[in-house]
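# A structural walkthrough
If you want the building blocks of each chain, they are given just below.
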Amino acid sequence: MASRIAAAATVRAVKSRRNIPIRAALVLSSNAVNKIKEILKGKDEYIGLRVGVRQRGCNGLSYTLDYATHKDKLDEEVQQDGVRVIIDRKAQLSLLGTEMDYVEGKLSAEFVFNNPNIKGTCGCGESFSV
């Protein structure tokens, strides 16, 4: 069965670590919460968004965003302000302490991951290494 992509994402390396709770796997900005609610509105067959990583790009890894229909046994679940984000087990260590934001500009609109674990990114901002 073919997977449907829910949204695009961009990588942003964080120079200084913010005061994010240590136990937080992923923190959502208010813009991200609102966009996820908008994306999932009327799609009752999905329980939330699934965030993962895959081998891709010139720097090693890239984020994947998809609709989540279920939560696997080893997946992490983040519930914030009425939305659910399921973190794939393979992505958990590379996402720990990350803030997920949604940014709209004149030419683009995308989810941005402010990740303190990133050691390097590619020039286009699509892939990263940890």
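Residues numbered from 1 in each chain as written. Predicted model: local features only at pLDDT ≥ 70, side-chain atom pairs only at ≥ 80, totals over all residues. Heavy atoms only, no water.

This part is about the pairing of strand β3 (residues 48–55). Among the 8 residues of β3, 6 are classified as buried, and the element is accordingly described as predominantly covered. Pairing of β3 with strand β4 (residues 61–68) involves 8 bridges; the strand directions are antiparallel. Paired with Arg 54 across the bridge in β4 is Ser 62. Across 3 bridges, the pairing between β3 and strand β6 (residues 83–87) is parallel. Each residue of the ladder has a partner; that of Val 51, found in β6, is Ile 87. (Buried < 20%, exposed > 50% of the residue type's maximum accessible area, 1.4 Å probe, protein only. Helix = DSSP H or I, 4+ residues; strand = E, 2+ residues; numbered from the N terminus. Pairing = 2+ DSSP bridges.)

The next thing to look at is helix α1 (residues 30–40). For α1, the set of buried residues is Ala 32, Val 33, Lys 35, Ile 36, Ile 39 and Leu 40. All buried residues of α1 fall inside an arc of 170° around its axis, so they share one side. Facing away from the buried side of α1 by more than 90 degrees, the exposed set consists of Ser 30 and Glu 38. Just downstream of α1 lies Gly 42, where phi reads positive at about 80°. (Arc of directions from axis to C-beta.)

Looking now at the packing of aromatic side chains. Enumeration according to the criterion identifies 2 aromatic pairs in this entry. Pairing Tyr 46 with Tyr 67 gives two aromatic rings, centres 4.4 Å apart and planes at 20°, and the pair type is stacked. Here Tyr 46, found in the loop between α1 and β3, pairs with Tyr 67, found in strand β4; they are 21 residues apart in sequence, far enough to count as distant. Across the pair, Tyr 67 and Tyr 46 agree in class, each one buried. Seen from their ring centres, Tyr 102 and Phe 111 are 5.1 Å apart, and the 65° between their planes marks the pair as edge-to-face. Comparing Tyr 102 with Phe 111, the two get one shared label, buried. (Phe/Tyr/Trp six-rings, centres within 6.5 Å; stacked < 30°, edge-to-face > 60°.)

Let us now look at the confidence of the model for the protein. Mean pLDDT over the protein works out to 77, with 67% of the residues at or above the 70 mark. Model confidence for the protein, summarised as mean pLDDT per element, is weakest for strand β10 (residues 128–129) at 48 and strongest for α1 at 92. (pLDDT = per-residue confidence, 0-100.)

The biggest cluster of nonpolar side chains holds 25 residues, and the ones touching the most others in it are Leu 26, Leu 28, Ile 36, Met 100, Phe 111 and Phe 113. Listed by contribution, the elements that provide at least two residues to this core are β2 (26–28), α1, β3, β4, β6, β7 (98–104) and β8 (109–115). Looking at which element gives the most residues to this core, the answer is α1, with 5 residues. Once you skip the residues sitting within four places of it in the chain, Ile 36 turns out to touch Leu 28, Leu 49, Val 83, Val 85, Met 100 and Phe 111. (Core = buried A, V, L, I, M, F, W, Y, C linked by side-chain atoms within 4.5 Å. Contact = heavy atoms within 4.5 Å.)

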